[in-house]
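# Secondary and tertiary structure notes
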Amino acid sequence: MNLEDRFQDYVDGENKVEPKHWMPEKYRKTLIRQISQHAHSEVVGMLPEANWITRAPSLRRKIALLAKVQDEAGHGLYLYSAAETLGADRQDLVADLLSGKAKYSSIFNYPTPTWADMGAIGWLVDGAAIANQVMLCRTSYGPYARAMVRICKEESFHQRQGYEITMTLAKGTPAQKKLAQDALNRWWWPSIMMFGPSDDNSPNSAQSMKWKIKRKSNDELRQEFIDKTVPQAEYLGLTIPDPDLKWNEETGHYNYGEINWEEFYNVIKGNGKCNKQRLEARNKAHDEGAWVREAANAYAEKQADRKKNETHAA
Amino acid sequence: MSTKDNWKIWEIFIRSRNGLSHKHVGSLHAPDAEMAIKNARDVYTRRSEGISIWVIPSDAVTASSPDESEPLFTPADDKVYRHPTFYEIPDEIGHM
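In short, a report on the structure. Because the structure is predicted, anything quoted here is derived from the model rather than measured.

## A word on the overall build of chain A
If you tally the helices and strands in chain A, you get 12 helices and two strands. Ordered by position from N to C terminus, the α and β elements of chain A give α-α-α-α-α-α-α-α-α-β-β-α-α-α. The globule rule puts the C-alpha radius of gyration for 314 residues at 20 Å, and the 22 Å found for chain A is close to it. Its C-alpha atoms put chain A at 75 × 55 × 35 Å along the principal axes. A burial count over chain A gives 50% of its 314 residues as buried. Across chain A, contacts joining residues at least 24 apart in sequence account for 77% of those joining residues at least 6 apart. Carbon and sulfur atoms make up 54% of the accessible area of chain A, which totals about 15600 Å². Where the 43 positive side-chain charges of chain A centre and where its 42 negative ones centre are 4 Å apart.

## Here's the deal with a nonpolar patch on the surface
Among the surface-exposed residues, V80, Y81, F86 and Y87 of chain B lie close enough to one another that they form a single nonpolar patch of about 420 Å² accessible area. Note on placement: Y87 of chain B falls in the segment after α2 (69-77).

## A short note on the pattern of salt bridges
Residues and elements named next belong to chain A. In total, this model carries 25 salt bridges over all chains according to the counting rule given. As a salt-bridge pair, R146 and E18 come within 2.8 Å of each other at their nearest N and O atoms. One end of the pair, R146, is in helix α6 (residues 142-170); the other, E18, is in the loop between α1 (3-12) and α2 (25-50), and 128 residues separate them in sequence. By relative accessible area, R146 is classed as partly exposed at 49%. Take E18: its relative accessible area is 22%, and that puts it in the partly exposed class. Residue E25 is joined to R28 by a salt bridge in which the shortest nitrogen-to-oxygen separation is 3.8 Å. Taken as a pair, E25 and R28 lie in helix α2 at a separation of three residues, close to a single helical turn. The class for E25 is partly exposed, based on a relative accessible area of 46%. Linked by salt bridges that have partners in common, E49, K68, E72 and D126 make up one network.

## Considering the packing of helix α3 (residues 59-84) of chain A against helix α4 (residues 90-99) of chain A
All names here are of chain A. Interhelical geometry of α3 versus α4 gives an angle of 120° and a closest axis separation of 10 Å. In terms of axis orientation, α3 runs oblique to α4. At the point where α3 passes α4, the crossing takes the right-handed sense. Between α3, through L77, Y80, S81, A83 and E84, and α4, the contact on the second element is made entirely by R90, L93 and L97.

## Quick word on helix α11 (residues 275-288) of chain A
For α11 of chain A, spanning 14 residues, the distance from its first C-alpha to its last is 20 Å, which sits close to the expected 20 Å at 1.5 Å a residue. Where the residues of α11 of chain A are buried, they touch α2, α4, α10 (261-271) and α12 (290-313) of chain A.

## Looking at the interface of chain B and chain A
At the interface, 24 residues of chain B touch 26 residues of chain A. Carbon and sulfur atoms make up 49% of the area that chain B and chain A hide from each other, which totals about 2000 Å². At the junction of chain B with chain A, the criterion picks out five salt bridges. Where D71 of chain A meets R47 of chain B, a salt bridge forms, and the shortest distance between an N and an O atom there is 2.5 Å. When contributions to the side of chain B that touches chain A are tallied by element, the ones reaching two or more residues are β2 (22-30) and α1 (33-44) of chain B. In terms of residue class, the side of chain B that touches chain A is built from 11 nonpolar, six polar and seven charged.

## Let's talk about the environment of H21 of chain A
Residues and elements named next belong to chain A. Relative to the helices and strands, H21 is located in the loop between α1 and α2. Accessibility expressed as a relative area gives 19% for H21, which makes it buried. Linking H21 and F7, residues 14 residues apart in sequence, is a C-alpha distance of 9.2 Å. Here the side chain of H21 touches E18 through a polar contact of 2.7 Å, landing on its backbone nitrogen.

## Quick notes on the pairing of strand β3 (residues 52-57) of chain B
All names here are of chain B. Side-chain alternation along β3 places I53, V55 and P57 on a buried face and S52, W54 and I56 on a face that remains uncovered. Bridge count between strand β1 (residues 8-15) and β3: six bridges; the pairing is antiparallel. Considered in β3, the bridge of R15 is made with S52.

Reading the values: the criteria
Residues numbered from 1 in each chain as written. Chains lettered and ligands numbered in written order. Predicted model: local features only at pLDDT ≥ 70, side-chain atom pairs only at ≥ 80, totals over all residues. Heavy atoms only, no water. Helix = DSSP H or I, 4+ residues; strand = E, 2+ residues; numbered from the N terminus. Rg over C-alpha atoms; globule rule 2.2 N^0.38 Å. Buried < 20%, exposed > 50% of the residue type's maximum accessible area, 1.4 Å probe, protein only. Contact = heavy atoms within 4.5 Å. Areas by Shrake-Rupley, 256 points an atom, 1.4 Å probe, with all protein chains shown as cover. Lys, Arg positive; Asp, Glu negative; His and termini not counted. Charge placed at Lys NZ, Arg CZ, Asp CG, Glu CD. Patch = residues over 30% accessible without salt bridge, like charges linked within 9 Å, V, L, I, M, F, W, Y side chains within 5 Å. Salt bridge = Lys/Arg side-chain N within 4 Å of Asp/Glu carboxyl O. Axes fitted to C-alpha atoms, helices over the stretch in contact; angles between N-to-C directions. Parallel < 35°, antiparallel > 145°, perpendicular 65-115°, else oblique. Left-handed = near helix turned anticlockwise from the far one by under 90°. Expected span 1.5 Å × (residues − 1). Buried area = accessible area lost by both parts, 1.4 Å probe. Nonpolar A, V, L, I, M, F, W, Y, C, P; charged D, E, K, R; others polar. Polar contact = N/O pair within 3.5 Å; in protein donor to acceptor, adjacent residues only side chain to side chain. Pairing = 2+ DSSP bridges.

Below, the structure written as structure tokens:
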């Protein structure tokens, strides 16, 4: 039995692959790509929400949003750390993001023009992320799975925070309810596109499923999310902007309308409303933070030298 | 962007409550141990997960090789007499 077959057997046995295990080069590469994209998404994902921190309508909303954005930074870290266990270099990963070479979730290229967008993002975008991340808790690569377990624990407050915001608006004045409906109208389709195209149109899916990196198909996850979310919208008296959305008694799932994949591919290519701003913001943050990194470096070097001289003197 | 700084990787261990062992929770980059602890506090204890932090440079950790796990661990597998269940104690004795 060759190494590849042995590896496949190991994975088929629901065993976790750890950093020091032999693994096919393609397994390593595909995981580095997927995990780093996930990490980049967390970090870029901080931007559309950070936009509203200074303008949150109450202290409670402000501290919750701040805590959520801090969490996203932490999530990015867990994921960069997981990618590093596969031999990726952090600075290379960051450089790829800043240069525009690396991809991140297309959802974060949409703008957040109103406070209600904070509700929609927490409820729908984090909701969709949760469906994906719960599945990934069972991914075959150990460090990635463990990062997902940690992230899932923290993610549920994110969704609740978003739903609470939407609920407050939906149960408020007519103008507030309109804000909530408008945000739902703008975020619904991008959110269900987050799961990616149908797996026959998704080039990496088959191998990912075989290696148990991916445990459910894009369509399965999308259906899961829709089935869970429709009653949540109904409870608030909000209408999901899909005229073809309908409960199917036979399948036990909601039928939904045709997705406009052209928009998805366009946004991924870099033509989304905020692609340029997101990258500019990340580059600005990186450049303006350089003095902090340099100062910390210089201090560490100074301390190390001091210690060396002390031992010599002794 | 080409100058690599010397922020090495640290493995982070957290003790969640008195009496429990430190558990590995992940890693982070920091220029020295002091900053590693501060960063670990910010990243890994946001929800009061711990009362003690250990930070260890990643290169200080030596891991056993998965390829050698068989010769390393099988000697223990056939020594069932190391387990209490191997020994028969009469019921009259009660708990032992």
